[in-house]
Amino acid sequence: MATHSTQPTEPTHIENHPDLMALRGRYAEASAKPMAGLIEGLCLLTGLYLAISPWVVGFDGFTSLRVSNLITGIALAILAMGFGSVLERTHGLGWVACAIGAWTIVAPWVVAGSADTTKTITNNAIVGGVAVLLGLATMGLGMMRRRSGAKH
């Protein structure tokens, strides 16, 4: 007859798994580096500028593009704050910054009213390109953490 242990087993929690703890440590180390702070800060500033750019540049008569830039700028700024506060959970969302940047570039032709003037196109192309680059840089931070983690 087999004997069973009478001691209760403690439930294992995934939060305390050694691999997860090591991964969190690597992301905390990565987010503490100056390059991560620079990328996050630039992403935040890009989002804020995108939100106010219709009034700075003067998108007169282009209400749809104003609204588009305001909403996507706020979304990018909020995303950047997430990068700054919990990089280990948000680095995978770098593609969203790239998508916001791509939308910003094509928005002057896509939004109602075809707001394709020189100042709207130039503004949105530059800001959108910066957002795409910062999104790629954010994704790169996550990939660098994985690669450096594999060496340990």
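In this text, all values refer to a predicted model and were calculated from it rather than measured experimentally.

What counts and how
Chains are numbered independently. Their residues run from 1 in the order of the written sequence. Side-chain atom pairs in this predicted model are given and counted only at pLDDT of 80 or more, local residue features only at pLDDT of at least 70, and totals for whole chains, interfaces and linings cover all residues. In computing side-chain values, all of the structure's heavy atoms are included and hydrogens and water are not. Numbering of helices and strands runs from the N terminus, with a helix taken as a DSSP run of H or I at least four residues long and a strand as a DSSP run of E at least two residues long. In this analysis, the expected span of each helix is defined as 1.5 Å times one less than the number of residues it contains. Fitting axes to the seven residues ending at a residue and to the seven starting there, one defines the bend at that residue as the angle between these axes. Using a 1.4 Å probe on the protein chains alone, a residue whose accessible area is under 20% of its type maximum counts as buried, one over 50% counts as exposed, and one in between counts as partly exposed. Confidence of the predictor in every single residue is expressed as pLDDT, which spans 0 to 100. Here, two residues are considered to be in contact whenever any of their heavy atoms come within 4.5 Å of each other. Residues enter a patch when their relative accessible area is above 30% and they make no salt bridge; the linking distance is 9 Å between like charges and 5 Å between nonpolar side chains (Val, Leu, Ile, Met, Phe, Trp, Tyr). Note that accessible areas follow from Shrake-Rupley with a 1.4 Å probe, and for residues the cover is restricted to the protein chains shown. Just to be clear on terms, a salt bridge is a Lys or Arg side-chain nitrogen sitting within 4 Å of an Asp or Glu carboxyl oxygen.

Draft legend 1. Examining helix α2 (residues 34-58) more closely. The terminal C-alpha atoms of α2, which comprises 25 residues, lie 35 Å apart, in line with the 36 Å expected from a rise of 1.5 Å per residue. Its maximal kink placed at I52, α2 deviates by approximately 60°, while the proline P54 follows within four residues. Within the sequence span of α2, burial applies to A36, I39, E40, C43, T46, G47, L50, A51, S53, P54 and G58.

Draft legend 2. The arrangement of the confidence of the model for the protein in detail. Residue-level pLDDT values for the protein average 78, and 63% of them are 70 or greater. Least confident of the elements in the protein is helix α4 (residues 87-90), whose mean pLDDT is 56; most confident is helix α5 (residues 94-110), at 93.

Draft legend 3. Focus on the environment of T122. Structurally, the position occupied by T122 is in helix α6 (residues 118-151). Classification of T122 by relative accessible area gives partly exposed; the value is 40%. Put simply, T122 and I105 are 17 residues apart on the chain and 8.9 Å apart in space, counted from C-alpha to C-alpha.

Draft legend 4. Highlighting the side chain of N123. Examined against the element boundaries, N123 turns out to sit in helix α6. On the accessibility criterion, N123 (7% relative accessible area) is buried. Among residues more than four places away in sequence, those in contact with N123 are Y49, S53, V57, F59 and N69.

Draft legend 5. Quick look at a nonpolar patch on the surface. On the surface, a nonpolar cluster with roughly 690 Å² of combined accessible area is contributed by W55, V67, L70, I71, I74, I78 and M81. The element contributing the most residues to the nonpolar patch is helix α3 (residues 63-85), with six residues. If you trace the backbone, I78 turns up in helix α3.

Draft legend 6. Quick peek at the pattern of salt bridges. Evaluated as defined, the whole model comprises one salt bridge. Put simply, D60 and R66 hold a salt bridge, and the shortest N to O gap is 3.5 Å. Overall, R66 belongs to the partly exposed group, its relative accessible area being 23%.

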